[in-house]
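# Observations on the model geometry
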Amino acid sequence: MIDKALFKLPGLRNKLPFIMVLAVLQALVIIGQAYFIAQALTTMWMGKGLKSALVAIIGFFICFFGREVINFFRLRFLDKFAYTISIELRAELLNKVFKLGPTLASEMGSGSLATTAITGIEDVETYIKLVLSKVFNMVIVPMVILLAVVIIDWRSSIVLIITFPISIVFMVLLGYAAEGRASRQYESYQILSNHFLDSLRGISTLKYFGRSKDYANSIFHTSERFRVATMRTLSVAILSTFALDFFSTLSVATMALFLGLRLMSGEILLFPALMALILAPEYFLPLREFASDYHATLNGKNSFQAVKAVLDTDEQLSTQVEKPVFWTEKSSLTLSELTKAYENGRGINNVNVTIKGLQKVAIVGASGSGKSTLLNMLSGFSNPTSGNYELNGKSQISTLNDENWRRSVSFIPQNTYVFAGSLRDNLAFYEPTATDEEIIDAANQAGLTKLVENLGLDVLIGAGGRTLSGGQMQRVALARAFLSKNRNILLLDEPTAHLDIETELEIKENILPLLNDKLVFLATHRLHWLPKMDLVIVLNEGEVQGIGTHETLLAENAYYQKLIAEMRG
Ligand SMILES: Nc1ncnc2c1ncn2[C@@H]1O[C@H](COP(=O)(O)OP(=O)(O)OP(=O)(O)O)[C@@H](O)[C@H]1O
């Protein structure tokens, strides 16, 4: 019901005594309220008139307002506290997501990650509020009230003592049933989120192939599954509310019956009987209040666990690279037995290569041969399953998932992302302090001259702004890399894949001189890059088929000859 990890949230533990004190105070004013109203009624029953009951009536109103004031401050305090924690949790979550890089989004699904960060955190906020207010009230308030009833009339307290554990047992049993259903509801929500985002991204492809109707149906079925799961959870939640209402009403009625009989036989006086009877519903109220919000608690618990799972993911961000690397003629990088094995058995196997100085290395192979896998490991976004790196002949490094290495690298992935913002901000991505002159220069080299001339640097691009073509986006990525002066290790994954061959050749002429004083890894399908590279790594289905210059491979490597023949078409 309550995740123990919740109590490990920063700042929560030292707030607990305050929340407990407020719960005790609340119970005391409830007892005061019952005391005064019972006294006022007894006084009037005895025919002493309203005047004699005035002090008790005033006492009742003071307690009544006291209860509301305590409640108000308690809720305000909890609202503020839960809000602050949720803001911190969201910041921590996003920080972690950025540290873990694209691997997390691909494993968890972007839609599910987005809903965890948005509605998930909101659910956690509600969860914190409910746990801190209702759970503590449910434990403390009935205890204090029970103590008062024991003092006033111990016989009445027996009914309360017997029925409370029964209600709790019912609540726990139904709680277990609801928990399983809520987990299934949460899972279907995650599937729906991923499915929806996926369809949104692929909407043009779906339209193009006339599959949008099928997909709309598939989304309908996924959302139906979510609806059914939600209704199942709600039905258990409602059943638990009903069960508690039933038990508490039954207990109060039983108590009223016994009190009535004892009053008639003169075994008890009116004042204690009235006070015990008024306190009885208050005794069950916190439990009923908790049951009515139980469903929200389950949602919050699942979301909290999802957030925690991300936060607890080992980011393995190492500190093995001592400082950002500026690649020089003397630098070297050795990959030893580097292997990446995905769960499906694919990946790449035993890459052994040493790169010395300012070299341009091509990674070539058919689709699915492992080019991106190797580049992802070199970028530090993915950790090798085995093998290691040796940087500048120093000790072995098990991963390049390292802050200093990331600061040294410009990575141009297959699909560039353009952020919602100005063209200037998007171009100056790695170098936010670059001048307009430097930005325009980089844009010119990447073939964006016309775009900059026509629209200027302030034009808004990305979501909500002007749409760029695939080729323009790729040029933006290239310009970003050209502009970055401090990062002279360049990783390019099919950098000109979205361009037509004429434009590609034109841009290539601009790109080549910029690759000269850098360490470059370039994954490509295109033949024309290969003669310009210093070294070529040839991959086939995750296996290295050869490493050497284009010329030697062409002369000596049968697989490379076959590949080149296929590329020539
Ligand atoms: N995250 C992943 N989980 C499981 N398998 C993966 C993952 N990423 C890639 N693979 C598999 O590993 C193999 C190599 O994929 P990779 O993307 O590295 O190839 P590639 O040579 O870059 O292909 P392309 O030229 O089409 O981009 C493929 O069989 C692919 O299906």
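It should be emphasised that the depicted structure is a prediction, and the values quoted were computed from it without experimental measurement. Residues take numbers from 1 onward in each chain, read along the sequence in its written order. The model is predicted, so local features are restricted to residues of pLDDT at least 70 and side-chain atom pairs to those at 80 or more, both for listing and for counting; the totals for chains, interfaces and linings are taken over all residues. Computation of side-chain values: all heavy atoms of the structure, hydrogens and water removed.

## Remarks on the site of the ligand
- The near set for a molecule or strand comprises every residue that places at least one heavy atom within 4 Å of it. Not every one of the 14 residues close to the ligand is listed here, only the nearest: Ser367, Gly368, Ser372, Thr373 and Gln414.
- Interatomic distance of 2.6 Å between a side-chain N/O atom of Ser367 and an oxygen atom of the ligand.
- Within 3.5 Å is the distance limit for a polar contact, defined as a pair of N or O atoms, with the added protein rule that one can donate a hydrogen and the other accept it, and that residues adjacent in sequence qualify only through two side-chain atoms. Contact distances for the ligand include 2.5 Å between an oxygen atom and a side-chain N or O atom of Thr373.
- Bound to the protein, the ligand loses 67% of the 630 Å² it would expose on its own.
- With 3 residues, helix 11 (residues 371-379) is the single largest residue contributor to the shell around the ligand.
- The classification used treats Ala, Val, Leu, Ile, Met, Phe, Trp, Tyr, Cys and Pro as nonpolar, Asp, Glu, Lys and Arg as charged, and all other residues, Gly among them, as polar. Looking at the shell around the ligand residue by residue, the class counts come to 2 nonpolar, 10 polar and 2 charged. Accessible surface is estimated by sampling points in the Shrake-Rupley manner with a 1.4 Å probe; for residues, cover comes only from the protein chains shown. Only runs of H or I of at least four residues qualify as helices and only runs of E of at least two qualify as strands under DSSP, and these elements are numbered from the N terminus.

## Considerations on the sheet that holds strand 9 (residues 489-493)
- In this scheme, strands are said to pair when DSSP sees at least two bridges between them. An order of 6-9-10-3-11-12 is seen for the 6 strands of this open sheet, with the pairing classed as mixed. A strand with exactly one partner marks an edge of an open sheet, and here the two such strands are strand 6 (409-412) and strand 12 (543-548). Taking the axes of each pair of neighbouring strands and ignoring which way they run, one obtains an average angle of 15° across the sheet.
- Of the strand pairs in this sheet, strand 6 and strand 9 are connected by 4 bridges, and their pairing is parallel. By the bridge assignment, Phe411 is partnered in strand 9 with Leu491.
- In what follows, a contact means two residues having at least one pair of non-hydrogen atoms within 4.5 Å. Every axis in this analysis is a line fitted to C-alpha atoms, fitted for helices over the stretch in contact. Angles between the N-to-C directions lie between 0 and 180 degrees. Along the sheet face, helix 16 (residues 470-483) touches strand 6 and strand 9 and points at about 170° away from the line of strand 6.
- Sitting on the sheet, helix 19 (residues 558-568) touches strand 3 (360-365), strand 10 (519-524), strand 11 (535-540) and strand 12, and the angle it makes with strand 11 is about 85°.

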